[in-house]
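# Chains, contacts and geometry: an overview
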There are 2 protein chains.
Amino acid sequence: MAKRFSVDEYADGILAGNRMVLSRAITLVESTLASDQQLAQQVLDRVLPHAGRSVRVGITGVPGVGKSTFIEALGLQLLGQGKRLAVLAVDPTSQRSGGSILGDKTRMNQLAAHARAYIRPSPAGRSLGGVTRSTREAMILCEAAGHDVIFIETVGVGQSETAVHGMVDFFLLLMLAGAGDELQGIKKGIMEMADAVTITKSDGQNETAAKLARREYQNALHLFPLAPSGWNPVVTTSSAVTGAGVAEVWQVVEKYVQQTQTSGYFQRRRQEQNLHWLYEAIRQGLEQQFYARPAVQEHLPTLRQQVIEGSKSAFGAAAELLGL
Amino acid sequence: MAKRFSVDEYADGILAGNRMVLSRAITLVESTLASDQQLAQQVLDRVLPHAGRSVRVGITGVPGVGKSTFIEALGLQLLGQGKRLAVLAVDPTSQRSGGSILGDKTRMNQLAAHARAYIRPSPAGRSLGGVTRSTREAMILCEAAGHDVIFIETVGVGQSETAVHGMVDFFLLLMLAGAGDELQGIKKGIMEMADAVTITKSDGQNETAAKLARREYQNALHLFPLAPSGWNPVVTTSSAVTGAGVAEVWQVVEKYVQQTQTSGYFQRRRQEQNLHWLYEAIRQGLEQQFYARPAVQEHLPTLRQQVIEGSKSAFGAAAELLGL
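First, a word on what this report is: a plain description of the structure on this page. Going along each chain's sequence as written, the residues are numbered from 1 onward. Chains carry letters and ligands carry numbers; both start at the beginning, A for chains and 1 for ligands, and go up in the order they are written. Per-residue local features of the predicted model are confined to residues with pLDDT of at least 70, and side-chain atom pairs are confined, for both listing and counting, to 80 or more; whole-chain, interface and lining totals are unaffected and use all residues. Water and hydrogen atoms were dropped before computing side-chain values, which therefore reflect all heavy atoms in the structure.

### Things to note about the side chain of Glu 280 of chain A
All names here are of chain A. Note the cut-off: Here a strand is any run of E in DSSP of at least two residues, a helix any run of H or I of at least four, and the numbering for each starts at the N terminus. Whether a residue is buried, partly exposed or exposed follows from its accessible area with a 1.4 Å probe, protein chains only, as a fraction of its type maximum: under 20%, in between, or over 50%, in that order. N or O atoms within 3.5 Å of each other form a polar contact, as long as, within protein, one can give a hydrogen and the other can take it, and as long as residues adjacent in sequence are counted only when both atoms are side-chain atoms.
Secondary-structure assignment places Glu 280 in helix α12 (residues 265-292). Taking the relative accessible area as the measure of exposure, Glu 280 reaches 18% and is therefore buried. At a separation of 2.5 Å, a polar atom in the side chain of Glu 280 contacts the side chain of Arg 283.

Now the structure itself:
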């Protein structure tokens, strides 16, 4: 690892929008070394007053839905409006699959080449808790570095969506028309977190199917109750190839932000998210300490097997372990 | 509290199907006294090998959907087949609302009067974690006492549904036709946990609307992907008044059990649930110990406020508290 900066050097560099310092600070946040973690927290506390001014958008959809091309198309439009955009990724499977999403920056080469865009792949080889934690902190650093819009990309097949939903203002789901939802592998519950769904690849021969799917999803979403935001999820069609419908997605986001900022939900939700992450971090820390204890490591395997087989009650086994 | 039995007296009484001993054991499980908890775990470990042989069904729906009458109608049919039925409830709001669900046993007076039915209201004045824990343990005791079918009733408005879903084999959602889902207050996500939905009060003038709602929900559920069980959720209509469709609901449950037992999913899910509860119990125990520390209680309020306001990062504050 490159030589570490001081807290001041990190903070000043980030606030000046220096991309190299930003990248180094994110690497620090991703580090599992205790000394790095301590330094990272000092940097975060320093820049925190300058964070929080972006619109945070979670974007999910299974591989093949066209996430990269959609993000590139929408991202370029935002850059064209003078905005600064950061794209982060949460992909706890990146180690197993042998390559993180966004790892290949050439997938979004126009974005990657743009001076006002910052793209960062998912940290590799971390647990879901570790990835979401460092992504949330990277988001704060990107905001402090002056990015107006943060996209957090996720793969749409696992639990990371819930974690990302808990750190963004707006959750966008990308779906394909006619693929059958089983094939799309969207996990139960993900669709219900969506503030908007866009049916991608709505061009050429696929356009009719996309419009049909749009109506179906809109009907299905109406069966669900109003979210606490008071927002009715919107379903659109879009094509990253023709550009049709891409700007509309951002109009939906802006309408959402305006409506929820007026109602106060936007601010309240951010505060709730902060609090949620506090308790989440405490939980993670407690479990980390607990499972690292030698006595726990010694007795857990046997007790775990007994609980699985049903020869010992879960709470009895837990009580035993907690008493060690 | 009445005099405590010995572990043997509890275990023998439960295994003999003695209702008085069963009730006293459940009271023990619900107790927050450390000595009671210790005794409860010993009793649980003793009877555990005799538990697990029931079909566990979670039943939810908002107040007014007709849960009690439906449970009574279905329960009486099962009792008529010679089955033994236990009905438990999870209602963490029971203290606030001034009366637990099932608290008024007269709501199910025919069931309550039956020798092969055991009805137990939700423990009052406990947290969600406490209620779900003791309900899960009560379920084990009821199984050891020879009940073939366990119904776990929940109110359909909060987080308890997720917890109940994690302790049952089959999740049944009761819905009203034409009330509009917003009015029904079904929380997002609950519908997606359902293995079956039954539209209640499908009788008289309401029958047409119920059949229409049935079709709508069936279509909506088809939009969601296949669950890991490989089971397609079924939507039916039923009337506790005329009895129409009540037996069909149980046929659906039996078909589900047969299908998932054949595929091995049933057994695998039970094992996963056991393991889930082990980690859940550890988490609960760790947090209980942590938040009881005087130093944590002293510093948490200030740090919490700083995190909410965004002047301190969640992970930084957590690290401070964990270091105390």
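### Section: the relation of the copies chain B and chain A
Between the two copies of the chain lies a relationship made up of a rotation around an axis and a movement along it. Defined as follows: Alignment of copies: least-squares fit on C-alpha atoms of residues with pLDDT of at least 70 in both copies. Residue contacts follow a heavy-atom distance rule, with two residues in contact if any of their heavy atoms lie within 4.5 Å.
Between chain B and chain A, the superposition needs a rotation of 179° and an axial shift of 0.1 Å, giving an RMSD of 0.1 Å. Between the two chains, the operation in question is that of a two-fold axis. Taken together, the interface assignments show that 98% of the residues at the interface of chain B recur at the interface of chain A, consistent with an identical surface on both copies.

### Digging into the nonpolar core
Which entries qualify depends on this criterion: Only buried Ala, Val, Leu, Ile, Met, Phe, Trp, Tyr and Cys residues count toward a nonpolar core, and they belong to the same one when joined by side-chain atoms within 4.5 Å.
Formed by 139 residues in total, the largest nonpolar core has its most connected members in Leu 141 and Leu 278 of chain A together with Leu 141 and Leu 278 of chain B. Discounting residues that sit within four places of it in the chain, Leu 141 of chain B has contacts with Ile 14, Leu 22, Ala 25, Ile 26, Val 29, Val 43, Leu 44 and Val 47 of chain B.

### Let's talk about the interface of chain B and chain A
Just so we agree on the cut-off: Salt bridges are defined by distance alone: a side-chain nitrogen of Lys or Arg within 4 Å of a carboxyl oxygen of Asp or Glu. For this scheme, ten residues count as nonpolar: Ala, Val, Leu, Ile, Met, Phe, Trp, Tyr, Cys and Pro. Four count as charged, namely Asp, Glu, Lys and Arg, and the remainder, Gly too, count as polar.
Chain B puts 56 residues into the contact, and the matching count from chain A is 55 residues. There are two salt bridges connecting chain B and chain A. Of the charged contacts, one joins Asp 45 of chain A and Lys 312 of chain B as a salt bridge, the two residues approaching to 3.5 Å between their closest N and O atoms. If you look at where chain B meets chain A, you find 14 residue pairs in polar contact (both at pLDDT 80 or more). Breaking the side of chain B that touches chain A down by element, the ones donating at least two residues are α3 (34-47), α6 (128-144), α8 (181-184), α9 (190-193), α10 (207-222), α12 (265-292), α13 (294-309) and α14 (314-322) of chain B. Residues of the side of chain B that touches chain A, tallied by class, amount to 30 nonpolar, twelve polar and 14 charged.

### Regarding the packing of aromatic side chains
Our working rule: Centres within 6.5 Å are what make two rings of Phe, Tyr or Trp a pair, Trp counting through its six-membered ring; a difference in plane orientation under 30 degrees is then read as stacked, over 60 as edge-to-face, and the rest as tilted. A positively charged side chain is recorded as over a ring if its NZ (Lys) or CZ (Arg) lies within 6 Å of the ring centre. The angle to the ring normal must also be within 35 degrees.
The tally for this structure, following the rule as stated, stands at 14 aromatic pairs over all chains. A ring pair is formed by Phe 5 of chain A and Tyr 10 of chain A, whose centres lie 5.2 Å apart and whose planes are at 70°; its orientation type is edge-to-face. Residue Phe 5 of chain A is classed as buried on the basis of its relative accessible area, which comes to 18%. Members of the aromatic cluster, each reached through a chain of ring pairs, are Phe 170, Trp 231 and Tyr 256 of chain A. Note that Arg 24 of chain B overlies the ring of Phe 5 of chain B, its terminal NZ or CZ placed 4.2 Å from the centroid.

### Section: the side chain of Arg 270 of chain B
Residues and elements named next belong to chain B. With respect to the secondary-structure elements, Arg 270 resides in helix α12. What makes Arg 270 buried here is its relative accessible area of 11%. Within the local environment of Arg 270, its side chain forms a polar contact with the side chain of Asp 169, the two groups lying 2.7 Å apart. Filtering out sequence-adjacent residues up to four positions away, Arg 270 remains in contact with Gly 52, Ser 54, Arg 56, Glu 143 and Asp 169.

### A look at the pairing of strand β5 (residues 170-175) of chain B
Working note: regular strand, side chains alternate between the two faces of the sheet. Residue and element names in this part refer to chain B. As a reminder, the rule being used: Strand pairing follows a simple DSSP-based rule, namely that at least 2 bridges must link the two strands.
β5 sits mainly inside the fold: six of its six residues count as buried. Of the two faces of β5, the one holding Phe 170, Leu 172 and Leu 174 and the one holding Phe 171, Leu 173 and Met 175 are both buried throughout. Relative to β5, strand β1 (residues 55-60) runs parallel, the two sharing four bridges. Along β5, the bridge assignment pairs Gly 58 with Phe 171. Relative to strand β6 (residues 196-199), β5 runs parallel, the two being bridged by four bridges. Bridge pairing in β6 places Leu 173 opposite Val 197.

### Considering the pattern of salt bridges
Residues and elements named next belong to chain A. Scanning the entire structure with this criterion turns up 22 salt bridges over all chains. Among the salt bridges present, the one from Arg 46 reaches Asp 8, with a minimum N-O distance of 2.4 Å. In this pair, Arg 46 is assigned in helix α3 (residues 34-47) and Asp 8 in helix α1 (residues 7-15), connecting sequence segments 38 residues apart. Classification of Asp 8 as partly exposed rests on a relative accessible area of 42%. It is possible to trace a salt-bridge network through shared partners that takes in Asp 8, Asp 12 and Arg 46.

### Here we look at unusual backbone geometry
For Lys 201 of chain A, which is not a glycine, the phi torsion comes out positive at approximately 55°. Take Lys 201 of chain A: it is sitting in the loop between β6 (196-199) and α10 (207-222).

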